[in-house]
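Structural description and commentary
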Amino acid sequence: MKKYLLIGVSSFVLGAGAMAYVSQSAIAAGQPRAKTYRMLGLFGDVLDTVERQYVTDVDDTKLIQSAIDGMLTSLDPHSGYLDPESFDDMRDQTRGEYGGLGIEVTSEDGVVKVISPMDGTPAAVAGIKAGDYITAVNGESVLGLSVNEAVKQMRGRPGEAVTLTIAREKSDPFDVKVVREVIKPKSATAKMDGDFGVLRIGSFNEKTTDEAQQAFLKLRQANPKMKGVVIDLRNNPGGLLDQAVAVSDLFLEGGEIVSQRGRDPRDVERYNARPGDMTGGLPIVVLINSGSASAAEIVAGALQDRKRGEVVGITSFGKGSVQTVIPLRGGMDGALKLTTARYYTPSGRSIQKTGIEPDLEVAASRDEAQKIANRAFQFSEATFRNALNADEGKVRRGAHQPAEAPPEDFDATKDFQLARATDVLRYGSVAATPKLPKPTAKMAEVVGKAKVAVAPPKAVTK
């Protein structure tokens, strides 16, 4: 059985037998099992009642699939059931080619929320942003739908247009018309910024490591006097764990990259780098923001902990869990996407909810600096009500004034975070880089009164 590890079934064996002695532990074990059987019986009773008495005919398969999905999504925001069609779509995405709009979404209290648009896709071109709520598709509300159901409405034939209704902070809801395409996201691209190479990694699919290596080596060959590298992971929603490990390995000479730990404390799997740094030891700066999640955080955390590169930007999303996709009957009955482990950086940090904190905190704009100063406007793993807990005692940094933001006279058409990343490379370290005056972002006095774009219905879950 092939399993896919992403950074997105209980079976019961019944038997009968005679025993001359039943231990207290066996009795204790039997009591929860008896309760489970009773609840399974309750489920059967409810299903039977719905079949016989609901106002219209019902589809048993759809009801049971929805029940399974509801059970799994109650565990955490990233577990769920993939029906056969959704499982095929997931495999297409991880292969790096599929039809759609090019956005990574999740569900928050029954509302579809954008984690990140993918580079160069119709969604990115249309201006959809991380943190946007999608409230309707072609005029039909998607409030209360599961992510899988909402995604099905957004997908369709390439060339056809779809209208998304977007709710965004500090603005009235508005419609965005997006034309579906066959998505072939280039997961890695490279360019020069002065004396420094910029390797942009937008996602982690099956092609990412090869594309990253090819893009960098081609750039290095054309620019042999390159003095350093910026690895841009901003708005990278993550993807395959093995690709995050392989990309990290491109820049490390050895040692641990990441470990994943399951329920059993002894269930630890470590991933190590092999000798060979494709940059030849060039200095590295990693760029992150709140849209950098999961696999992107593994790369940033590994290079930061191993002192291979310093991190610039703002605190990452904070998704520190691993999902295993488990096909059911070879995929004929779909698959489970189940959270099976937390991952830890080489120093032993779990960044679940807390995220990777940069060595130099730099807001992309003065508006973003204000959002950081007002906790009500922050979007991260910690905002999900049923997210896995962080390590005991650890909390995500609250509202604060970021260290840096663009000065008033900064050219708004330029990339301030990238400019500061190259400054770090130019001066040799964050410590040696001259600091800019702290921005004057106003702290929110009463967070509860902050205006938000949409109020998700509390009684509806995906």
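Small disclaimer: the values here were computed from a predicted structure and weren't measured. (Residues numbered from 1 in each chain as written. Predicted model: local features only at pLDDT ≥ 70, side-chain atom pairs only at ≥ 80, totals over all residues. Heavy atoms only, no water.)

So, on to unusual backbone geometry. In the Ramachandran plot, N235 falls in the positive-phi region, its phi being about 55° despite a non-glycine side chain. Its location among the elements puts N235 in the loop between strand 13 (228-232) and helix 7 (241-249). Accessibility expressed as a relative area gives 28% for N235, which makes it partly exposed. (Helix = DSSP H or I, 4+ residues; strand = E, 2+ residues; numbered from the N terminus. Buried < 20%, exposed > 50% of the residue type's maximum accessible area, 1.4 Å probe, protein only.)

Let's shift gears to the pattern of salt bridges. According to the stated counting rule, one finds 21 salt bridges in the structure shown. Notably, a salt bridge pairs D367 with K371, separated by 3.8 Å at the nearest N-O pair. Remark: K371 and D367 occur in helix 9 (residues 366-373); sequence separation between them is four residues, near one turn of the helix. Residue class for D367 comes out partly exposed when judged on its relative accessible area of 40%. (Salt bridge = Lys/Arg side-chain N within 4 Å of Asp/Glu carboxyl O.)

Right, let's talk about the sheet that holds strand 17 (residues 309-313) for a bit. An order of 11-12-13-16-17-20 is seen for the six strands of this open sheet, with the pairing classed as mixed. Strands with a single pairing partner mark the edges of an open sheet, and in this sheet they are strand 11 (188-193) and strand 20 (360-361). Both strand 16 (residues 284-288) and strand 17 contribute to a ladder of five bridges, which runs parallel. Looking at strand 17, one finds that I284 is bridged to G309. (Pairing = 2+ DSSP bridges.)

Let us now look at the confidence of the model for the chain. The predicted model of the chain averages 85 in pLDDT, with 86% of residues at 70 or higher. Every residue in residues 8-28 scores below 50 in pLDDT, and together they form nine contacts with partners more than four places removed in sequence or on other chains. Below a pLDDT of 50 lies the segment residues 445-462, which in the model reaches 30 contacts outside its immediate sequence neighbourhood of four places, other chains included. (pLDDT = per-residue confidence, 0-100. Contact = heavy atoms within 4.5 Å.)

The next thing to look at is the nonpolar core. Of all hydrophobic cores here, the largest spans 41 residues; its most connected members are I201, L233 and F251. Counting residues per element, this core draws most heavily on helix 8 (residues 295-305), which supplies seven residues. Ranked by size, the runner-up nonpolar core spans 18 residues in total, among them A123, V137, V162 and I166. (Core = buried A, V, L, I, M, F, W, Y, C linked by side-chain atoms within 4.5 Å.)

Here we take up the pairing of strand 13. Along any regular strand the residues' side chains alternate between the sheet's two faces. For strand 13, the buried fraction is high: five of the five residues fall into the buried class. Where strand 12 (residues 196-201) and strand 13 come together, five bridges link them in parallel fashion. Bridging from a neighbouring strand, G197 pairs with V229 of strand 13. After leaving strand 12, the chain enters helix 6 (residues 208-222) and then returns to the sheet as strand 13, a path that is right-handed. (Right-handed = clockwise from strand over helix to strand, strands pointing away.)

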